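# Overview (structure and organization)
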Amino acid sequence: MRKLIAIVLTGAALSAAAPAFAADRWSDAEYLKANRCLGLALSAELGASDPAALTAQIKDQGRGRDISMRDRGDSTRDDARRAGKTRNEAVKAKLTAELGGSCQAYLGTSVATSGASS
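Residues numbered from 1 in each chain as written. Predicted model: local features only at pLDDT ≥ 70, side-chain atom pairs only at ≥ 80, totals over all residues. Heavy atoms only, no water.

As a further point, take the overall build of the protein. Check the secondary structure of the protein and you find six helices and zero strands. Reading the protein from its N end, one meets helices and strands in the order α-α-α-α-α-α. The buried share of the protein, reckoned over its 118 residues, is 26%. A fraction of 78% describes how many contacts in the protein between residues 6 or more apart in sequence connect residues 24 or more apart. By element, 58% of the accessible surface of the protein is carried by carbon and sulfur atoms, the whole surface being about 7,400 Å². (Helix = DSSP H or I, 4+ residues; strand = E, 2+ residues; numbered from the N terminus. Buried < 20%, exposed > 50% of the residue type's maximum accessible area, 1.4 Å probe, protein only. Contact = heavy atoms within 4.5 Å. Areas by Shrake-Rupley, 256 points an atom, 1.4 Å probe, with all protein chains shown as cover.)

When the terminal C-alpha atoms of helix H4 (residues 67–83) are compared, their 24 Å separation across 17 residues agrees well with the 24 Å that a helix rising 1.5 Å per residue should span. If you check which residues of H4 are buried, you get Met69, Gly73 and Ala80. Seen along its axis, H4 keeps its buried residues to an arc of 50°; they face one direction. Buried-residue contacts for H4 involve helix H2 (28–42). (Expected span 1.5 Å × (residues − 1). Arc of directions from axis to C-beta.)

Following this line, the structure appears as structure tokens:
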């Protein structure tokens, strides 16, 4: 009987911890957006940025994710980096505004999931 109670209590504790873990996990859309922001941050033409924390966070968030999603993230990052090399001033201004706006949720000192998807 005591074993049964211990198993039930352990299961209840684990199920209560699951939502807390899930809240720290980015959705696929957030993962792709973070990769886009990283690509923009890595583009020297858009201004100096220190993407070290975001790089580490993306690596962490990539663990356990489907390989096709990680590949899409890599492609999204590479596309954004290439886009940042544009000579078109209007496009450059738009990308710089994105980097300074919606990407700040990912490039800040702590990466949060709330309000990060755009």
